[in-house]
Amino acid sequence: MTDTAVRLSDAAIRRRMIADFWFYFRQNRGAVVGLFVFLLLVIMAVFAAVLAPHDPTQQYRDALLVPPVWAEGGREGFLLGTDAVGRDMLSRLIYGAQYSLFIGIVVVSIALLGGIVIGLVAGFFGGWVDTVIMRVMDVILAFPSLLLALVLVAILGPGLTNAMIAIAIVYQPHFARLTRASVMGEKAREYVTAARVAGAGNLRLMFRTILPNCLAPLIVQATLSFSSAVLDSAALGFLGMGAQPPASEWGTMLAEAREFILRAWWVVTFPGLAILISVLAINLMGDGLRDALDPKLKRS
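Since the structure is predicted, the reported quantities are computational estimates derived from the model, not experimental observations.

What counts and what doesn't
Within each chain, residues carry numbers counting from 1 in the order of the written sequence. At least 70 in pLDDT is required for a residue's local features to be given in this predicted model, at least 80 for side-chain atom pairs to be given and counted, and no such filter applies to totals for whole chains, interfaces and linings, which use all residues. Side-chain numbers here rest on the full set of heavy atoms in the structure, without hydrogens or water. Only DSSP runs of H or I with at least four residues qualify as helices, and only runs of E with at least two residues qualify as strands; both kinds are numbered from the N terminus onward. Three labels apply to residues, based on accessible area from a 1.4 Å probe with only protein chains included: buried if under 20% of the type maximum, exposed if over 50%, partly exposed otherwise in between. Two residues form a contact once any of their heavy atoms are found within 4.5 Å. Where accessible areas are quoted, they stem from the Shrake-Rupley method and a 1.4 Å probe; at the residue level, only the protein chains shown are allowed to cover. Only four residue types enter the tally: Lys and Arg on the positive side, Asp and Glu on the negative side, with His and both chain ends excluded. We put the charge of a Lys on NZ, of an Arg on CZ, of an Asp on CG and of a Glu on CD. Cavity: a set of points on a 1 Å grid over the protein atoms alone where a 1.4 Å probe fits but cannot get out. Pocket: an open set with protein on both sides within 12 Å along at least five of seven lines, its lining residues, like those of a cavity, having an atom within 4 Å of a point. Grid points are joined across faces, edges and corners, and a volume is the space filled by probe spheres set on the points. Gly is placed with the polar residues, together with every amino acid not listed as nonpolar (Ala, Val, Leu, Ile, Met, Phe, Trp, Tyr, Cys and Pro) or charged (Asp, Glu, Lys and Arg). Take the residue count of a helix, subtract one, and multiply by 1.5 Å to get its expected span. For a residue, the bend is simply the angle between two axes, fitted respectively to the seven-residue segment ending there and the seven-residue segment starting there. Definition used for salt bridges: Asp or Glu carboxyl oxygen within 4 Å of a side-chain nitrogen of Lys or Arg. Polar contact is the term for a pair of N or O atoms within 3.5 Å; when the atoms are in protein, one must be able to donate a hydrogen and the other to accept it, and sequence-neighboring residues count only if both atoms are side-chain atoms. Residues grouped as a nonpolar core are buried Ala, Val, Leu, Ile, Met, Phe, Trp, Tyr and Cys residues, joined through side-chain atoms within 4.5 Å. Convention adopted: a line fitted to C-alpha atoms gives each axis, helices being fitted over their contacting stretch, and angles between N-to-C directions are expressed from 0 to 180 degrees. An angle below 35 degrees is read as roughly parallel, one above 145 as roughly antiparallel, one from 65 to 115 as roughly perpendicular, and any other as oblique. Put simply, a crossing is left-handed when the front helix is turned counterclockwise from the back one by less than a right angle, and right-handed when it is turned clockwise.

Topic: the overall build of the protein chain
- Counting its regular elements, the protein chain contains 12 helices and zero strands.
- In the protein chain, the succession of helices and strands from N to C terminus is α-α-α-α-α-α-α-α-α-α-α-α.
- If one aligns the C-alpha atoms of the protein chain with their principal axes, the spans along those axes are about 75 × 50 × 30 Å.
- Burial analysis of the protein chain (300 residues in total) assigns 44% to the buried set.
- When contacts within the protein chain are restricted to residue pairs at least 6 apart in sequence, those whose partners lie at least 24 apart make up 68%.
- About 15,800 Å² of surface is accessible on the protein chain, with carbon and sulfur atoms providing 66% of the total.
- Distance between charge centroids for the protein chain: 10 Å, based on 24 positive and 20 negative side chains.

Notes on the layout of surface pockets
- When its volume is computed, the largest pocket comes out at roughly 230 Å³.
- V37, L40, L41, M44, L90, L93, I94, W250, L273, A274, I277 and S278 are the residues that line the largest pocket.
- At the level of elements, helix 2 (29–46), helix 4 (89–125) and helix 12 (266–293) are the ones that each hand at least two residues to the lining of the largest pocket.
- Across the lining of the largest pocket, the residue classes break down as 11 nonpolar, one polar and no charged.

A few points about helix 7 (residues 160–186)
- Here helix 7 contains 27 residues, and its C-alpha end-to-end distance of 38 Å stays within 8% of the 39 Å for a straight helix at 1.5 Å per residue.
- In helix 7, a bend of some 30° at Y171 exceeds every other bend along the element, and P173, a proline, comes one to four places later.

Some words on the side chain of D88
- When you line up the elements, D88 lands in the loop between helix 3 (48–51) and helix 4.
- R92 provides the closest opposite charge to the buried, unpaired D88, separated from it by 8.9 Å.
- Reaching out from D88, the side chain makes a polar contact with the side chain of S91 at a distance of 2.6 Å.

A look at the pattern of salt bridges
- Taken as a whole, this structure holds nine salt bridges when the rule is applied.
- In this structure, the salt-bridge partner of R180 is D130, at a minimum N-O distance of 2.6 Å. Placement of the pair is R180 in helix 7 and D130 in helix 5 (residues 127–142), with a sequence separation of 50 residues.
- One salt-bridge network, held together by shared partners, links D83, R87, R92 and E256.

Side note on the environment of A292
- Locating A292 in the fold gives a position in helix 12.
- Through-space distance from the C-alpha of A292 to that of R26 is 8.6 Å; in sequence the pair is 266 residues apart.

Regarding the nonpolar core
- In this structure, V107, W250 and V267 are the most contacted members of the largest nonpolar core, which totals 74 residues.
- The element contributing the most residues to this core is helix 4, with 14 residues.
- For V267, the contacting residues outside a window of four places in its chain are L65, T82, D83, M89, M253, A257 and F260.
- One finds A122, V129, M134 and M137 within the second-largest nonpolar core, a separate group that totals six residues.

Quick notes on the packing of helix 4 against helix 9 (residues 202–210)
- Closest axis-to-axis distance for the helix 4/helix 9 pair is 11 Å, and the angle between their directions is 115°. Considered as vectors, helix 4 and helix 9 are oriented roughly perpendicular to each other. The handedness of the crossing between helix 4 and helix 9 is right-handed. From helix 4, L120, V121, F124 and F125 reach across to helix 9, where they touch N202, L205, M206, F207 and I210.
- Across the contact of helix 4 with helix 9, the residue classes tally to eight nonpolar, one polar and no charged.

And the structure:
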């Protein structure tokens, strides 16, 4: 078979895999809706400068706590109203999508990479190495995630960067345990033994032979951790330990608006809805990924 024929065959296989993935993914209607909402969130974040009608930090002193445009006293220039210092709520919500995506990507990337390396080492070598690593992971998992993140941020200092590092450390054991379990199930298979007999070293066996066959559950876990990272970062921002004012991060917006909850409902409701809708959409998408990637859940 020629190289061209091999490339065409590989391309056909990839197209078939993508088609199968989409077939099983779209069976979950909630996952399709979640994907649509997530794509809208990405578009908002990428094109925030174009979509936002105002600068998110611009203060209009003649428009303090203006209600949404459909409410009595609303103004056309502020569709979702303004906050206590006259900043446009819609613009701040749109720019807040950038924070959510950035937080999710950074946290999941750090936790995923660290968890994969730790889980690969523990599952591949076993013995006392596995015991020591897993006991450390168990200690981390013994603490409530948000409480441990709060302690770490208190040690590192308030701020968005430290909050992301703390959340990533808290989520890392989930990826480590999942990777370890997958590696332990794969390393005794025949294709690993064949690669070892062919002279493959430990690093090649771990990262080139075993890891690609462990990625499906890790992708699902990464999606679910993405939504949890958004939620936890909003919680830290609300407690004053995450993004600091005047950042338009949704949790920080809630913290700034809590004293106006009784007389200006919109300054609390809209950031809360943004968090709710985003987290729900990503979780629904994660369920669809699980259905599409887990062969046990695929219907014949």
